[in-house]
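# Summary of the model geometry
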Amino acid sequence: MNGRPAKRGRWTRAAALCLAMGTAVGTLTSCGSDGEVTYSGGTFEKVDRAETTADGDERPASADESRGRKLALKGMELLRSADTVRVGVDMNTKKGRQKLSLHMDRESNCTGTFDSGPTRRGDLIMIAGGATYVRFTDGALDEMREMAARRGPELAERVRERTALARGKYLKIPTGPAARGRAMPADSCDLDKLTEKIGTPEPDEVITALPATHRYGTDVTPLSEKKDGEETTVYVAASGEPYILGVEAKKSGGMFSGDQTMSMRMSDYDEPVAAVAPAAGMTVDISQVGAGGSGGSLFEV
């Protein structure tokens, strides 16, 4: 080997969490760095990169470990080279459960759904160089009304009027940094940003290929990393090119809560993103609901 202390099971986990949080949070600059990842005023814990374990284990990699590493590297290479991909994320954090499904390309076109808890559920369409369209579910709008009602009649009336305008319609929000409220997942809709900070494993990190199994309606090869109660499994296609089809991560404590799991599903590689503006009759300009450029006055009740 190379004489350095052995690395153990960190890169696949860090890459997966970077992708998941990048999609769910839309704050990508901190993935793989020492900075914090923030969301709606809360904080995710830092994503750990590869840790050094001075256990003196310099044994040669097994056949399954060598194969696992090659498949992981190829899977990430295919992801980085894809023109489009759909990423679905279901994770529990200290800020609650996050669920998204976004189909995105490298031009910042995107369609999908989001569920970030009460008042923040709906679907979106983002068109590169155009606008972002967000439609909240009726349930989310009802929750906005209920929350406003608890804060007094004046706010309740204002939110009632605005949610009435928004019900069943897409809010049209100009694209651009100044137009993005903190509740908007628009920053998530760029495949370049999502993949540029994944990184690569250290030479002696252990990623083990397990026997093929059936998942997501097809045969897959699980790639496993385990360390100190943490387990990450990446599922790649067992036939043809090893595209990454899913990821599952488990951890006790830390950034996870509840069932302490994160699941990610990846599909529709290189399929066109159908980002088309809704009909004019189905849209409401964000200025009409008194939310200014950021949309904050509507979302934050």
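Calculation notes
- Residues numbered from 1 in each chain as written.
- Predicted model: local features only at pLDDT ≥ 70, side-chain atom pairs only at ≥ 80, totals over all residues.
- Heavy atoms only, no water.
- Helix = DSSP H or I, 4+ residues; strand = E, 2+ residues; numbered from the N terminus.
- Expected span 1.5 Å × (residues − 1).
- Buried < 20%, exposed > 50% of the residue type's maximum accessible area, 1.4 Å probe, protein only.
- Arc of directions from axis to C-beta.
- Core = buried A, V, L, I, M, F, W, Y, C linked by side-chain atoms within 4.5 Å.
- pLDDT = per-residue confidence, 0-100.
- Contact = heavy atoms within 4.5 Å.
- Phe/Tyr/Trp six-rings, centres within 6.5 Å; stacked < 30°, edge-to-face > 60°.
- Lys NZ or Arg CZ within 6 Å of the ring centre and 35° of its normal.
- Axes fitted to C-alpha atoms, helices over the stretch in contact; angles between N-to-C directions.
- Parallel < 35°, antiparallel > 145°, perpendicular 65-115°, else oblique.
- Nonpolar A, V, L, I, M, F, W, Y, C, P; charged D, E, K, R; others polar.
- Salt bridge = Lys/Arg side-chain N within 4 Å of Asp/Glu carboxyl O.

### Some thoughts on helix 3 (residues 138-149)
It helps to recall that an α-helix has 3.6 residues per turn; residues three or four apart then point in one direction. For helix 3, built from 12 residues, the straight-helix expectation of 16 Å at 1.5 Å per residue is met to within 8% by its first-to-last C-alpha distance of 17 Å. Residues of helix 3 that are buried include every one of Ala 140, Leu 141, Met 144 and Ala 148, and no others. Summarising the axial view, the buried residues of helix 3 lie within an arc of 100°, below the 170-degree limit, and thus occupy one face.

### A short note on the nonpolar core
Residues Val 87, Phe 136, Leu 223, Ile 244 and Met 266 are the most contacted members of the largest nonpolar core, which totals 44 residues. Within the second largest apolar cluster, 7 residues are counted, among which are Ile 127, Tyr 133, Tyr 170 and Val 273.

### Notes on unusual backbone geometry
One non-glycine residue, Tyr 216, adopts positive backbone phi at about 60°. Of note, Tyr 216 is situated in the loop between strand 10 (213-215) and strand 11 (218-227). Taking the relative accessible area as the measure of exposure, Tyr 216 reaches 28% and is therefore partly exposed. Of note, the phi angle at Asp 268 is positive, near 55°, even though the residue is not glycine.

### Topic: the confidence of the model for the protein
Reading predicted coordinates in detail is not appropriate for stretches of low pLDDT. On average, residues of the protein carry a pLDDT of 75, and 63% of them reach 70 or more. At the level of individual helices and strands, the protein shows its lowest average pLDDT in strand 1 (residues 37-39), which scores 28, and its highest in strand 10, which scores 96.

### Here's the deal with the environment of Ser 267
Among the secondary structure elements, Ser 267 is positioned in strand 14 (residues 261-267). Residues Ser 267 and His 103 lie 164 residues apart in sequence; the distance between their C-alpha atoms is 8.8 Å. Setting aside chain neighbours within four positions, we find Ser 267 in contact with Val 85 and Arg 86.

### A closer look at helix 2 (residues 63-81)
For helix 2, built from 19 residues, the straight-helix expectation of 27 Å at 1.5 Å per residue is met to within 8% by its first-to-last C-alpha distance of 27 Å. Buried within helix 2 are the following residues: Glu 65, Gly 68, Leu 71, Ala 72, Gly 75, Met 76, Leu 78 and Leu 79. For helix 2, the arc enclosing every buried residue in end-on projection is 155°, short of the 170-degree limit, so these residues lie on one face. Set apart from the buried face of helix 2 by more than 90 degrees, the exposed residues are Ala 63 and Lys 70.

### Quick notes on the packing of aromatic side chains
One pass over the structure, following the stated rule, counts 3 aromatic pairs. On the basis of an interplanar angle of 85° and a centroid distance of 6.0 Å, the ring pair of Tyr 216 and Tyr 235 is categorised as edge-to-face. With a gap of 19 residues between them, Tyr 216 in the loop between strand 10 and strand 11 and Tyr 235 in strand 12 (residues 230-237) connect regions that are remote in the sequence. The interplanar angle of 50° and the centroid separation of 4.7 Å between the aromatic rings of Tyr 243 and Tyr 269 together place this pair among those described as tilted. Within this pair, whereas Tyr 243 is found in the loop between strand 12 and strand 13 (244-250), its partner Tyr 269 is found in the loop between strand 14 and strand 15 (283-285), the two being separated by 26 residues in sequence. For Tyr 269, a relative accessible area of 13% translates into the label buried. Its end group placed over the ring of Tyr 216, Arg 215 keeps NZ or CZ at 5.8 Å from the ring centre.

### A look at the side chain of Thr 84
Among the secondary structure elements, Thr 84 is positioned in strand 3 (residues 84-93). Leaving out residues up to four positions away in the same chain, Thr 84 has contacts with His 103, Met 104, Asp 105, Leu 191, Asp 268, Tyr 269, Asp 270, Glu 271 and Val 273.

### Quick notes on the packing of helix 3 against helix 4 (residues 153-166)
Relative to each other, helix 3 and helix 4 sit at 170°, their axes nearing to 8 Å. The angle between helix 3 and helix 4 places the two elements in the roughly antiparallel class. Residues Leu 141, Met 144, Arg 145, Ala 148 and Ala 149 of helix 3 touch helix 4, and the partners they reach there are Leu 155, Ala 156, Val 159, Arg 160, Thr 163, Ala 164 and Ala 166. Class assignment for the residues of the contact of helix 3 with helix 4 results in 9 nonpolar, 1 polar and 2 charged.

### Some remarks on the pattern of salt bridges
Evaluation of the coordinates by the stated rule reveals 10 salt bridges. Across the pair Arg 167 and Asp 142 runs a salt bridge, and its minimum N-O distance is 2.9 Å. Of this pair, Arg 167 sits in the loop between helix 4 and strand 8 (170-174) while Asp 142 sits in helix 3, and the two are 25 residues apart along the sequence. Judged by its relative accessible area of 29%, Arg 167 is partly exposed.

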